[in-house]
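# Close look at the chain arrangement
The lines below spell out each chain.
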Amino acid sequence: MKPLLGISGLRVRYRSGVSEVEALRGIDLSLGAGERVAVIGESGSGKSSLALAVAGLLPREATGEGIIRWPGLAEPPRNGKDVGFVFQDPGGTLDPVMSVGAQVAEVAEVNLGLSRRRAVALAVELFERVRLPGALLKSYPHQLSGGQRQRVGIAAAIAAGPALLIADEPTSALDTIVQAEIVRLIDRLVRETGMALLIVSHDIALAATVADRIVVLKDGAVVEAGETAEIVARPKADYTRALLAACLTLDGSAGVLEGRA
Ligand SMILES: Nc1ncnc2c1ncn2[C@@H]1O[C@H](COP(=O)(O)OP(=O)(O)OP(=O)(O)O)[C@@H](O)[C@H]1O
Ligand SMILES: [Mg+2]
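Fair warning: this is a prediction, and the values are worked out from it, not measured in the lab.

## Concerning the overall build of the chain
Counting its secondary structure elements, the chain contains nine helices and nine strands. Taking 261 residues into account, the globule formula puts the C-alpha radius of gyration at 18 Å, and the chain, at 18 Å, falls close to it. Considering only C-alpha atoms, the chain reaches an extent of 55 × 45 × 40 Å along its principal axes. Across the 261 residues in the chain, those meeting the buried criterion constitute 48%.

Following this line, the structure appears as structure tokens:
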């Protein structure tokens, strides 16, 4: 598989006042073109820091060290164009006073240099691809459900045809049924377009349904990484075993994981 992204020795620290938190302690990771990788781990393990560092979106209080290479791209990646980012809470990133159709069109206009008319036509097409009724193009974010807003967030993230889609807990603000729909949507879009996926989750069962490979983070370090089926069937680290045990169903079966084990 052609490499898209190579990370070596990535460290991220946050400074606030006199205190300092080491969020990532030397991460090595590679991602092939079209490959789907899930980053899992408990709260505070550094998942979002990794996603943000890859997208070049770390906040000002963060300092990063290490190397992120993009051998699969001709130039350094441009956010929005080469890398699409889906946030946990799409409400927070959408403009409340602009229609959702116009927001998706704007992403296409800015990143692809399209005319307004062509960008609007692309937004119509993107709404179809994320299975949103066209009637919602003129709606404002507050008029949509959480699941619909996340579909808008996904439409905006894929508008410019990125080589990599990063999704940071894209379903954790949604109820269970909508979660499954959004995961299926991401899975379908990634397969259709051939873009690579870096999906962040604390839920190993969810990760197993979409990822070729799973990377397990704990305290800012990789404790285990490998093929999804292998990690699910034969976890090496106690920590991974604990994450797996946490998603066993009450009757003792592995629920969603069964199909992949
Ligand atoms: N902006 C920030 N300022 C200071 N510390 C931060 C900041 N962002 C993250 N951290 C700290 O860095 C560590 C890793 O945080 P990160 O958000 O990457 O974890 P996470 O695995 O995404 O957690 P969650 O599952 O809760 O989203 C944590 O100790 C967190 O408190
Ligand atoms: Mg996070």
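## Quick look at the packing of helix α3 (residues 100–112) against helix α4 (residues 116–129)
Relative to each other, α3 and α4 sit at 120 degrees, their axes nearing to 8 Å. When the axes of α3 and α4 are compared, the pair comes out oblique. Along this stretch, α3 crosses α4, giving a crossing that reads as right-handed. Touching V100, G101, A102, V104, A105, E106, A108, E109 and L112 of α3 are R116, A119, V120, L122, A123, L126 and F127, all from α4. Looking at the contact of α3 with α4 residue by residue, the class counts come to 12 nonpolar, one polar and three charged.

## Let's talk about the site of ligand 1
Contacts to ligand 1 come from 13 residues, most closely from S43, G44, K47, S49 and E61. At a separation of 3.2 Å, an oxygen atom of ligand 1 approaches a polar backbone atom of S45. At 2.7 Å from an oxygen atom of ligand 1 is found a side-chain nitrogen or oxygen belonging to K47. Contact with the protein chains removes 66% of the 630 Å² of surface that ligand 1 exposes when unbound. Elements represented by at least two residues in the shell around ligand 1 include exactly β2 (19–32) and α1 (47–55).

## Things to note about the nonpolar core
One finds V104, F127, V152, I154, L165, I186 and I214 to be the most contacted residues of the largest nonpolar core, which totals 54 residues. Per-element accounting of this core gives the leading share, seven residues, to helix α6 (residues 176–193). With 31 residues, the next largest nonpolar core counts L5, L29, V83 and V200 among its residues.

Reading the values: rules and limits
- Residues numbered from 1 in each chain as written.
- Chains lettered and ligands numbered in written order.
- Predicted model: local features only at pLDDT ≥ 70, side-chain atom pairs only at ≥ 80, totals over all residues.
- Heavy atoms only, no water.
- Helix = DSSP H or I, 4+ residues; strand = E, 2+ residues; numbered from the N terminus.
- Rg over C-alpha atoms; globule rule 2.2 N^0.38 Å.
- Buried < 20%, exposed > 50% of the residue type's maximum accessible area, 1.4 Å probe, protein only.
- Axes fitted to C-alpha atoms, helices over the stretch in contact; angles between N-to-C directions.
- Parallel < 35°, antiparallel > 145°, perpendicular 65-115°, else oblique.
- Left-handed = near helix turned anticlockwise from the far one by under 90°.
- Contact = heavy atoms within 4.5 Å.
- Nonpolar A, V, L, I, M, F, W, Y, C, P; charged D, E, K, R; others polar.
- Near = heavy atom within 4 Å.
- Polar contact = N/O pair within 3.5 Å; in protein donor to acceptor, adjacent residues only side chain to side chain.
- Areas by Shrake-Rupley, 256 points an atom, 1.4 Å probe, with all protein chains shown as cover.
- Core = buried A, V, L, I, M, F, W, Y, C linked by side-chain atoms within 4.5 Å.

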